[in-house]
Amino acid sequence: DSGVTQTPKHLITATGQRVTLRCSPRSGDLSVYWYQQSLDQGLQFLIQYYNGEERAKGNILERFSAQQFPDLHSELNLSSLELGDSALYFCASSVVSGRDEQFFGPGTRLTVL
Amino acid sequence: DQQVKQNSPSLSVQEGRISILNCDYTNSMFDYFLWYKKYPAEGPTFLISISSIKDKNEDGRFTVFLNKSAKHLSLHIVPSQPGDSAVYFCAASAPFNKFYFGSGTKLNVKP
């Protein structure tokens, strides 16, 4: 158990819908990262927050957005969902930022029908 | 643009033998590399890292080798155990930059 929790574990929805994925980092970790893993693909970095502020951005679509709240939990919002958004979405946290070891949650499997 | 590539999607090894997982990168600015292990239905877990100032880092049965001139790193597991069966991801980053992950290699260690 990494100490990072993600909810829900599974999510099935339809195209055009909007969903919110939730992540609680390890106690004391200030950075939260979001990754997308599509079928047979590696982990694609989406976005990083550090202590409530956006720190780094990867290949995140404009339909996706995220935020980190004062209690350090984070949410990833996916809107106007398309079939290709079906993937595993991982959240990770680290103590500070940069080169710190990242601790990953178990992931949320999103299926868009 | 895949800056980190793991060209072998899968690898099968006999228990007790050596497992060698390979990773290539294209960005010469990368100076920090990690390996993560992932079991089904779990998130990746950190395994071992190496900085570009070193060419080898060892932790128990796991050794990572870095060849900067070839932009290549490898993970050696000796001896391999059935519990090592998992997907292994390599990742790399440049200073003050995000991590880029490879697509993973699925290792199967046969008893």
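Preceding block: the structure.
Residues numbered from 1 in each chain as written. Chains lettered and ligands numbered in written order. Predicted model: local features only at pLDDT ≥ 70, side-chain atom pairs only at ≥ 80, totals over all residues. Heavy atoms only, no water.

Turning our attention to the interface of chain A and chain B. In this complex, chain A contributes 18 residues to the contact, which on the side of chain B involves 20 residues. Both faces considered, chain A and chain B share a buried interface measuring about 1,500 Å² in area, 58% of it formed by carbon and sulfur atoms. Taken together, chain A and chain B are joined by zero salt bridges. Here chain A is connected to chain B by one residue pair in polar contact (both at pLDDT 80 or more). Sorting the residues of the side of chain A that touches chain B by element identifies strand E4 (31-37) and strand E5 (44-50) of chain A as the ones contributing at least two each. Here the side of chain A that touches chain B is built from residues that sort into six nonpolar, eight polar and four charged. (Contact = heavy atoms within 4.5 Å. Buried area = accessible area lost by both parts, 1.4 Å probe. Salt bridge = Lys/Arg side-chain N within 4 Å of Asp/Glu carboxyl O. Polar contact = N/O pair within 3.5 Å; in protein donor to acceptor, adjacent residues only side chain to side chain. Helix = DSSP H or I, 4+ residues; strand = E, 2+ residues; numbered from the N terminus. Nonpolar A, V, L, I, M, F, W, Y, C, P; charged D, E, K, R; others polar.)

A separate point is the layout of surface pockets. Think of a ball as big as a water molecule: rolled over the atoms, this probe shows where empty space is left. A volume near 750 Å³ is recorded for the largest pocket. Lining the largest pocket we find 31 residues, and of these Gln37(A), Leu88(A), Arg109(A), Lys38(B) and Val87(B) sit closest to its centre. Looking at the lining of the largest pocket, the elements that each hand over two or more residues are strand E9 (87-94) and strand E11 (108-112) of chain A together with strand E9 (86-93) and strand E11 (105-110) of chain B. Tallying contributions element by element places E11(B) first for the lining of the largest pocket, with four residues. A breakdown of the residues in the lining of the largest pocket according to their chemical character gives 13 nonpolar, 12 polar and six charged. (1 Å grid on protein atoms, 1.4 Å probe; cavity = no way out; pocket = protein on both sides within 12 Å on 5 of 7 lines; lining within 4 Å. Points joined across faces, edges and corners; volume = space filled by probe spheres on them.)

Treat this as a map of the structure, not an account of what it does.
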